[in-house]
Amino acid sequence: MISQIRCLLVFGLISIAVMATGQNDTVKVIGTLFAKKMVDAAAQQGAKDQVLVSDSMGYLYFKDSGINYPVPIELDSIEQLDSLQHKTGLLAIVKNNGSFVSDGQKWLRVSCNLRLSNIQQLRNMKRQTCPVFVQAYYDSLHYGGGYFHWAAYDLLGNGDDGGNVFAARDSGFWIRDKVEFVPSNYGAVDSIDQRFSDFKTSSDALQRCINSAGNYGAVQFDNGFVYNNAGTLILKEGQILDGRNATLRRINRISSTISSHNSGSNEIFVADSTLFEVGMNIVAKMGNDYSYSYNIVAKSGNKLTLYAFMSLLNNQIISFSGAEIFTASYQISAVQPNIRIDNLMLDGNKEGNLLDNRWEFSGELYLQSENGKFMNLSIANSIGESINLFGNNPLLRNITIFNGNGNGIHLGTNSRYTIDNVRIENVNLLAMQEDYSLGHEGGAIAFSDNVHGGLVHNVYVENALAVVGGISGEDDSDNNYDKLTGINCKKAFEIKQLYGGDKLKDIQITNSKFINCSSLEISSNLTTPVANTARNIKLRNVDLINTSLLIANIDSLYLDWILFSASSEDNMINLDFVNNSTVNNLKMAGGKNIYINQCDNLLFSNFDVSSTFGSNAINAANSVGYVQFRNGSVKHDNCPSGYRGIYAGPKTIVDNVLVNLNGPAQSGIEMGTSSESRAGIVRNCNIITSANVPSIKCFASTQNNYLINNIVNQPMLDNGANFEIGTIYIPE
């Protein structure tokens, strides 16, 4: 039985001793590890209980059985085949070339084993009938290897793309057996291995990979790689880029000077061309003026050929001879429709690129893809804008942005955009230091012109110029903001219709919280006619903590469930020229006061104002239109001297309000000066004040105020021709 056969196998080009149990028959076999397999195969065909022997040609057989099987001979080169005597069925394995079998007269290939060290060797190989294995793109790196087969024409249609397709030496192409658009197939390397590459960056390899994938192709970055980058990667229509947790990292700024350039030319001659390579982007600086960013598409000696002819940011065409040039660009540009980017990290390396940044050419993502989807992204250390989001119907989701010199997300010319589940920290870092040289800085989310029809949802912002800034009235309308949290920003919101603007409307802020953000501002220019002011602005379920609410020249404002609290007089609620508006369910604790000026048809209902730090809780004395306070309360446990609960204007109505002041106040409710035929009205109120503090005080020489059916614990002080009806005095 097989178990009775004992084999001693030594791997390599040495003999194998095989002997039968209990016998002295020992033979030498030229071959390797295939002997055991041959023994098993022979046993299955009836060669049992036999002595295993071999002949000089390398055949194993069992004594007396007549069955024999070839054992492969290992050779170092094809030439060694000719030294072997042919025998039908004899096998030989030739290193790096595959397996051959003899038909008695010639050698026939039965399998391939062509192995090359690098891509350069593949380019130099002629047509082969079997696949070729390439170990690496570079000799020293394992990136880019794989099996290739020869084809008469390029099946992908890109020609020799330096990654999946390589031209053969004589004719045809070597095509990767498993075609995937992975940057390492094109020569991109992890930053830790960049020193083994022939290039400083992976920019050109990344772009060639993207170009080869083509429209609606799928590009997969190498899992976890950090790519050194100094160019703008331009994605094609419909492409899907799966970052697979890779990082694009901007290299340290490289600079030189332009020694020669003809106006309107895309060719420049530089003082030191060794610093630059194909795939990088450069910007030129002449004095205080900058050019756009241009990709280097070719290099020859000191000549760099750029993607297009150079001009200044104002489109002026000049000679850039003598200009400084330096590497700068957005890292990715996605302007074609239906692009998707997922699972990618971008590092702007702002510490290595501190000089000469402008928002036009400094940033990480430039997105203008209609229906584009950009998800699961982390963006850090941007030298300018972390994301420029333009175009119609884009989606940003699951984004983290931090430590950027410019805006977190810069919007412009958008319609039906969605920003969802975003965290932005420590942005606008230059502007926070009063350096506005970058330009266009407005906030964590900053608006340019014509941004409308969008949803901003579930966004956390900490340390920025504003949570949302720059809503300016140039059709920045019909935008919804839900579940926003802002902490330690210079502003919560900046909604400001500019001079001459008349399109700002339909803005809604809901379910949001702003802490230590100075102010939430909503305004139109005060010279704007009422018919053209910003309108239809809604705030619902918004918490303002040490954050003022400043509203000016607005029509149709609706505030509902506003929770305001502040620990000093630095914050207040201020309404100037607010018309046809409603404030419902306001809860205010602390802060300076509610100041109402020049408002008309304004209703406060279901409010509670307590413990304000100013000289009054609500000051509406300067509002000459109809303002009504209904179903609310004003309270202070220890008010300062001269404090007023409500200071009413000439047409103010105070209805069913509790005023409860403890301390040396001036009055519970005070009626300002009025000569109107119908002045202020106080009715159905319960007013409790300290001793000698008038529950209701009418200003000297005022007239035509109506004080109806109020309950007071201190007498009223009537200093003019006013009407008091049905007051109930209940002293404590």
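Above: the structure in question.
Computed from a prediction, not measured in an experiment: that's the story for all the values here.

1. Here we look at the overall build of the chain
- Secondary structure summary: the chain contains three helices and 57 strands in total.
- Relative to the 2.2 N^0.38 estimate, which gives 27 Å for 732 residues, the radius of gyration of the chain is 41 Å and therefore markedly larger than a compact globule would have.
- For the chain, the spread of C-alpha atoms along the principal axes amounts to about 140 × 75 × 35 Å.
- If you take every contact in the chain between residues at least 6 apart in sequence, the share linking residues at least 24 apart comes to 56%.
- Approximately 30000 Å² of the chain is accessible, and the part contributed by carbon and sulfur atoms is 48%.
- Of the side chains in the chain, 54 bear a positive and 68 a negative charge, and the two mean positions are spaced by 6 Å.

2. A few points about the layout of surface pockets
- Each pocket or cavity is described by its volume, and for the largest pocket that value is around 910 Å³.
- Thr-232, Ile-234, Asn-281, Tyr-307 and Ser-333 are the residues nearest the centre of the largest pocket, which is lined by 34 residues in total.
- For the lining of the largest pocket, the secondary-structure elements that each account for two or more residues are α3 (203–213), β17 (233–234), β23 (294–300) and β26 (330–334).
- For the lining of the largest pocket, the leading source of residues is α3, giving five residues.
- Computed from the structure, the second largest pocket encloses a volume of approximately 220 Å³.
- Around the second largest pocket sit 14 residues that line it, and Leu-354, Asn-357, Asn-405, Leu-430 and Asp-435 are the ones nearest its centre.

3. Examining the packing of aromatic side chains
- Counted according to the given criterion, the structure contains 17 aromatic pairs.
- With centroids separated by 5.1 Å and ring planes inclined at 75°, the aromatic side chains of Phe-221 and Tyr-227 adopt a geometry described as edge-to-face. In terms of burial, Phe-221 and Tyr-227 fall into one category: buried.
- Relative to Phe-390, the ring of Tyr-366 has its centre 5.5 Å away and its plane inclined at 90°; by these criteria the two rings are edge-to-face.

4. A closer look at empty space enclosed by the protein
- For the coordinates displayed, the defined rule picks out two cavities of 30 Å³ or more.
- Asn-229, Ala-230, Gly-231, Arg-250, Ile-251, Thr-327, Ala-328, Ser-329, Gln-331 and Asn-353 together form the lining of the largest cavity.
- Of the residues belonging to the lining of the largest cavity, the class tally is three nonpolar, six polar and one charged.
- Reported here for the second largest cavity is a volume of approximately 30 Å³.
- Lining the second largest cavity, in full, are Leu-549, Leu-559, Ile-562, Ile-573, Leu-575, Val-583, Leu-586 and Phe-604.
- Elements with a minimum of two residues in the lining of the second largest cavity: β41 (534–566) and β42 (573–590).
- Take the lining of the second largest cavity: its biggest share by element is four residues, from β42.
- Per-class residue counts for the lining of the second largest cavity are eight nonpolar, no polar and no charged.

5. Examining the pairing of strand β47 (residues 627–636)
- Within β47, seven of the ten residues are buried, leaving the element largely enclosed by the surrounding structure.
- Here four bridges tie strand β44 (residues 600–605) to β47, and the two strands are oriented parallel to one another. Opposite Leu-602, over in β47, you have Val-627 as the bridge partner.
- Pairing analysis gives three bridges linking strand β45 (residues 608–610) to β47, with the strands arranged parallel. For Asp-608, the partnering residue across the bridge sits in β47 and is Ser-633.
- Looking at chain direction, β47 and strand β49 (residues 652–661) are connected through nine bridges and run parallel. Its bridge partner lying in β49, Lys-635 is registered against Asn-660.

6. Quick look at the environment of Gln-220
- If you trace the backbone, Gln-220 turns up in strand β15 (residues 218–220).
- Beyond its immediate sequence surroundings of up to four residues, Gln-220 is in contact with Glu-180, Phe-181, Val-182, Pro-183, Asp-242 and Arg-244.

7. Side note on the pattern of salt bridges
- Using the criterion set out here, one finds 24 salt bridges in the structure.
- Between Arg-253 and Glu-324 there is a salt bridge; the shortest N-O distance is 3.0 Å. Of this pair, Arg-253 sits in the loop between β18 (240–250) and β19 (255–261) while Glu-324 is found in strand β25 (residues 324–327), placing the two residues 71 residues apart along the sequence.
- Given the relative accessible area of 25%, Glu-324 is considered partly exposed.
- We note a salt bridge from Asp-555 to Arg-535, for which the minimum N-O separation is 3.2 Å.
- A relative accessible area of 6% places Asp-555 in the buried class.
- Bridged by salt links that share partners, the residues Arg-253, Lys-285, Glu-324 and Asp-356 form one connected network.

8. A few points about unusual backbone geometry
- For Asn-516, which is not glycine, the phi dihedral falls at a positive 55°.
- Positionally, Asn-516 belongs in strand β40 (residues 505–524).

9. Remarks on the nonpolar core
- Within the largest apolar cluster, 134 residues are counted, with the highest numbers of intra-cluster contacts made by Ile-409 and Tyr-481.
- For this core, the leading source of residues is β41, giving 13 residues.
- Ile-268, Leu-304, Leu-306 and Phe-320 belong to the second-largest nonpolar core, a separate cluster that totals 20 residues.

10. What about the side chain of Asn-571?
- Its place among the elements puts Asn-571 in the loop between β41 and β42.
- Once residues within four sequence positions are removed from consideration, Asn-571 is found in contact with Ser-518, Asn-546, Thr-547, Ser-548, Phe-564, Ala-566, Gly-591 and Lys-592.

11. So, the sheet that holds strand β9 (residues 97–102)
- In spatial order, the strands read β7-β8-β9-β10-β11-β12-β14-β13; together these eight strands make up an open sheet with mixed pairing. Bordering the open sheet on either side are β7 (73–75) and β13 (165–167), each of which pairs with just one other strand. Across the sheet, the mean angle from the axis of one strand to that of its neighbour is 25°, orientation sign disregarded.
- Pairing between β7 and strand β8 (residues 91–94): three bridges, direction parallel. By the bridge assignment, Leu-75 is partnered in β8 with Val-94.

12. Some details on the pairing of strand β54 (residues 703–708)
- In this sheet, β54 lies alongside strand β51 (residues 681–683) in parallel orientation, the contact comprising three bridges. Bridging across to β54, Val-682 finds its partner in Leu-707.
- With four bridges connecting them, β54 and strand β56 (residues 721–725) associate as parallel partners. Counterpart to Leu-707 in the pairing with β56 is Glu-724.

13. Here's the deal with the environment of Leu-498
- Its place among the elements puts Leu-498 in the loop between β39 (491–497) and β40.
- When the C-alpha atoms of Leu-498 and Ala-534 are compared, they prove to be 9.9 Å apart, with 36 residues separating the residues in sequence.
- Residues within four places of Leu-498 in sequence aside, it is in contact with Ser-472 and Asn-525.

14. Some thoughts on a nonpolar patch on the surface
- A contiguous nonpolar patch, built from Ile-711, Ile-728 and Ile-730 and spanning about 240 Å² of accessible area, is present on the exposed surface.
- Along the polypeptide, Ile-711 turns up in strand β55 (residues 711–712).

15. Some remarks on the side chain of Asn-353
- Looking at where Asn-353 falls in the secondary structure, it is placed in the loop between β27 (340–347) and β28 (363–367).
- From its side chain, Asn-353 meets the backbone oxygen of Ile-251 in a polar contact 3.1 Å long.
- Polar side-chain contacts of Asn-353 include one of 3.3 Å to the backbone nitrogen of Arg-253.
- In this structure Asn-353 touches Arg-250, Ile-251, Asn-252, Arg-253, Thr-327, Gly-348 and Ile-383, once residues within four positions along its chain are discounted.

Reading guide: rules and limits
Residues numbered from 1 in each chain as written. Predicted model: local features only at pLDDT ≥ 70, side-chain atom pairs only at ≥ 80, totals over all residues. Heavy atoms only, no water. Helix = DSSP H or I, 4+ residues; strand = E, 2+ residues; numbered from the N terminus. Rg over C-alpha atoms; globule rule 2.2 N^0.38 Å. Contact = heavy atoms within 4.5 Å. Areas by Shrake-Rupley, 256 points an atom, 1.4 Å probe, with all protein chains shown as cover. Lys, Arg positive; Asp, Glu negative; His and termini not counted. Charge placed at Lys NZ, Arg CZ, Asp CG, Glu CD. 1 Å grid on protein atoms, 1.4 Å probe; cavity = no way out; pocket = protein on both sides within 12 Å on 5 of 7 lines; lining within 4 Å. Points joined across faces, edges and corners; volume = space filled by probe spheres on them. Phe/Tyr/Trp six-rings, centres within 6.5 Å; stacked < 30°, edge-to-face > 60°. Buried < 20%, exposed > 50% of the residue type's maximum accessible area, 1.4 Å probe, protein only. Nonpolar A, V, L, I, M, F, W, Y, C, P; charged D, E, K, R; others polar. Pairing = 2+ DSSP bridges. Salt bridge = Lys/Arg side-chain N within 4 Å of Asp/Glu carboxyl O. Core = buried A, V, L, I, M, F, W, Y, C linked by side-chain atoms within 4.5 Å. Axes fitted to C-alpha atoms, helices over the stretch in contact; angles between N-to-C directions. Patch = residues over 30% accessible without salt bridge, like charges linked within 9 Å, V, L, I, M, F, W, Y side chains within 5 Å. Polar contact = N/O pair within 3.5 Å; in protein donor to acceptor, adjacent residues only side chain to side chain.

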